[in-house]
Amino acid sequence: MLAGLNHLSFDPASNKSLQFSSAAGPQVSESPAENGSDPGKKRKRTNVPPDGSGNLSLDSIPMGLPMSDPTAWATAMNNLGMAPMGMTGQPLLPDFDPALGMMTGIPPINPMMPGLGIVPPPIPPDMPAVKEIIHCKSCTLFPPNPHLPPPATRERPPGCKTVFVGGLPENGTEQIIMEVFEQCGEVIAIRKSKKNFCHIRFAEEFMVDKALYLSGYRIRLGSSTDKKDTGRLHVDFAQARDDLYEWECKQRMLAREERHRRRLEEERFRPPSPPPVVHYSDHECSVVAEKLKDDTKFLEAIQTLLTWIERGEVNRRTANNFYSMIQSANSHIRRLVNEKAAHEKEMEEAKEKFKLALSGILVQFEQIVAVYHSASKQKAWDHFTKAQRKNISVWCKQAEEIRNIHNDELMGIRREEEMEMSDEEIEDPSEMKETEESALVSQVEALKEENDSLRWQLDAYRNEVELLKQEQGKASRDEDTTKEQQMKLLQQALQGMQKHLLKVQDEYKKREAELEKVREDKLKIETLLENLKEQQSMADEEDKERDAVDCKGNESSTSRVCACSQEKECPVEKTSSNSPVKSEREVLLVGIISTFLHVHPFGASIEYICSYLQRLDSKICTAEVEVLMTRLQNTFRQELSGVGASLEKRWKFCGFDGLKMT
């Protein structure tokens, strides 16, 4: 318990205000006697005079706790440089204003007072915070200098229930710490260090604010003045994992509650689900059929019918029942069409009424505006004051703006009606042939469309005539230039044709000369062939007459003689019959391929060879080259190289080997 704190008539549960005594008249306070003095004796203290001189005295309730000698208290306070409370010295509030309503005998608000479980109200910056001496059983707390700035604190962690307490006396124990801080609230745990500080965890967060009130107090154990028994308390927020965990749990709980509340709100605003549809049966079918005949229950019955059909309840046995229900649903079409027509009629009537009322309002607006305009003329305008003229001009502008808005609205309504009428006129006449009246309307619309089309055709013809006139005028101007251009083009074309004809004639002459040469060569070759045949027949007859042994030698000699004679007499025949190369182009190909393969001693594939030849002549194909190389076996040889999947055919040049063999 605190010995130096008074009870205030304030209950946080009832939220009643503090009751201060009257400012008039002297106030008498009672204080208990200390150190064995008579508790029945009372000392009287007068109120603070209006001029502010004197000391501010506090009421104290008698308590049964022992208190040290007042002389020792005065000595201790003088050592600390502060005047003790209730004693002679410097007044605590020299600039006290009596109009504040605080009377003598009423102590200042202190959050450490029993029964006051709130955070202290903010103190004005020009008034220093007044703190009292706090008496405990085994220690005493002296308040700091009120003129010093408040002690600095760190940023408050979320859900903070733990405080750091530094500046403890060296001889301080956990019991003393518990005795001092349990008055702030329920203490859950104390973790004391050997270096004169500790951490205190409270049950609630608001208790931390009460503990921070003790920051700056000087603590003294008993009446000792030893340094180990004194210290200056520093209370600050501490960051603890338990506090953070509890705060996060609380936040998660609040989030769950918020989600639950939102879910309830969404479920409340969610439209109700449709009622379940009964299963099909003969009884339910008869009930639905009766409901389909009733206009008030038609919507519910048609929904049931639709659900049954979608479920697949229609079969050969129930087909007649469903057909009758569908027929009943069809009978409501005429009713719905009549209702729609009635509603449309009501809407048209309401539009007409609105239009008439709006036109009447516009007429009245026009009259009001006319009044303003007539008042603004010089005859009447000169008789008004400046304020009246200003008001009339402002009213006139406002009325004109409102009139224009209503006029635009009326014009918009009329424009919409005209658009609707035009849409009705443009509708397809085939859709209006259901009744006689619709047929007549469709005929009228068709005639209108024909009239419009004829008018459009007439306009198109007029435009065409105008365009033709303009084109004729331009043509008359551009005829000369166009004719000259055409003549030039024709001349250029004729010159080109003449050149082309000359080229064709030259080519024709060249081709004729080539044909004649070919014919002469052909005749020569035929004569050579006949001579060879005759010689061969003569050689055959001679061979038959000779002996078998002499025939072999004679045959070899005759063959050599024939070969030599053939080479001398008909070289063309030899090249054409025995040589594998048939044309000059193939000879060129053989030379190029031989040179290419001679540069590649390890051979090359047919694709690689053809790719090289196609650079020289794009008309060369792979098959032609391969056939030519297969014919020349003494010049080119094909070999397989590689193993397995990398097996590849390569061509190599072997012309020098063929010469050695021959």
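What counts, and at which threshold
- Residues numbered from 1 in each chain as written.
- Predicted model: local features only at pLDDT ≥ 70, side-chain atom pairs only at ≥ 80, totals over all residues.
- Heavy atoms only, no water.
- Core = buried A, V, L, I, M, F, W, Y, C linked by side-chain atoms within 4.5 Å.
- Buried < 20%, exposed > 50% of the residue type's maximum accessible area, 1.4 Å probe, protein only.
- Helix = DSSP H or I, 4+ residues; strand = E, 2+ residues; numbered from the N terminus.
- Contact = heavy atoms within 4.5 Å.
- Pairing = 2+ DSSP bridges.
- Axes fitted to C-alpha atoms, helices over the stretch in contact; angles between N-to-C directions.
- Phe/Tyr/Trp six-rings, centres within 6.5 Å; stacked < 30°, edge-to-face > 60°.
- Lys NZ or Arg CZ within 6 Å of the ring centre and 35° of its normal.
- UniProt positions renumbered as here; feature names shortened; annotations may be inferred.
- Lys, Arg positive; Asp, Glu negative; His and termini not counted.
- Salt bridge = Lys/Arg side-chain N within 4 Å of Asp/Glu carboxyl O.
- Polar contact = N/O pair within 3.5 Å; in protein donor to acceptor, adjacent residues only side chain to side chain.
- Parallel < 35°, antiparallel > 145°, perpendicular 65-115°, else oblique.
- Nonpolar A, V, L, I, M, F, W, Y, C, P; charged D, E, K, R; others polar.

**Quick look at the nonpolar core**
Here's step 1: The biggest cluster of nonpolar side chains holds 31 residues, and the ones touching the most others in it are V165, F181, I200 and F202.
Here's step 2: Taken together, the elements giving at least two residues each to this core come down to β2 (139–142), β3 (162–166), α2 (174–181), β4 (187–192), β5 (197–202), α3 (206–212), β6 (218–221) and β8 (234–237).
Here's step 3: With sequence-adjacent residues up to four places away left out, V165 is seen in contact with F181, N196, F197, C198, I200, L233, H234 and V235.
Here's step 4: With 18 residues, the next largest nonpolar core counts V590, F596, L613 and W651 among its residues.

**Some words on the sheet that holds β5**
Here's step 1: One open sheet holds the four strands; their spatial order is β4-β5-β3-β8, and the pairing between them is antiparallel. Edge positions in the open sheet fall to β4 and β8, since each of these has one partner strand only. Across this sheet, the average inter-strand angle for adjacent strands is 20°, counted without regard to direction.
Here's step 2: Judged from the four bridges that link them, β3 and β8 form a sheet pairing that is antiparallel. Residue pairing across strands places V163 opposite F237, the latter belonging to β8.
Here's step 3: Its contacts with the sheet place α2 against β3, β4, β5 and β8, and it is angled at close to 140° to β4.

**Let's talk about the environment of K291**
Here's step 1: Here K291 shows up in helix α5 (residues 282–293).
Here's step 2: The exposure class assigned to K291 is partly exposed, which follows from its relative accessible area of 24%.
Here's step 3: Between the alpha carbons of K291 and I302 there is a distance of 8.8 Å; along the sequence they are 11 residues apart.

**Some remarks on the packing of aromatic side chains**
Here's step 1: Within the structure shown, the criterion is met by eight aromatic pairs.
Here's step 2: Here the aromatic rings of Y280 and F322 are separated by 5.3 Å at their centres, their planes lie at 25°, and the arrangement is stacked. Of this pair, Y280 sits in the loop between α4 (241–269) and α5 while F322 sits in helix α7 (residues 319–330), and the two are 42 residues apart along the sequence. Both residues of the pair, Y280 and F322, count as buried.
Here's step 3: Through a chain of ring-to-ring contacts, three or more aromatic side chains come together here, namely Y280, W308 and F322.
Here's step 4: Against the face of Y213 rests K131, its NZ or CZ located 4.8 Å from the ring centre.

**Here's the deal with the UniProt feature "coiled-coil region" (unreviewed entry) in the protein**
Here's step 1: Feature annotation in UniProt assigns "coiled-coil region" (unreviewed entry) to the following positions: residues 326–353.
Here's step 2: Secondary structure within residues 326–353 divides into 96% helix and 0% strand; the distance between the first and last C-alpha atoms comes to 41 Å.

**Digging into the side chain of E179**
Here's step 1: Note that E179 resides in helix α2.
Here's step 2: Buried charge without a salt bridge: E179, with K137 as the nearest opposite-charge side chain at an N-O distance of 6.2 Å.
Here's step 3: Polar contacts involving the side chain of E179 include one to the side chain of S138, which spans 2.6 Å.

**Describing the packing of helix α14 (residues 584–599) against helix α16 (residues 622–631)**
Here's step 1: With their axes 11 Å apart at the nearest point, α14 and α16 run at an angle of 80° to one another. Classed by the angle they form, the pair α14 and α16 counts as roughly perpendicular. Of the residues in α16, those in contact with R585, E586, L589, V590, I593 and L597 of α14 are E624, V625, L628, M629 and R631.
Here's step 2: Considering only residue class, the contact of α14 with α16 consists of seven nonpolar, no polar and four charged.

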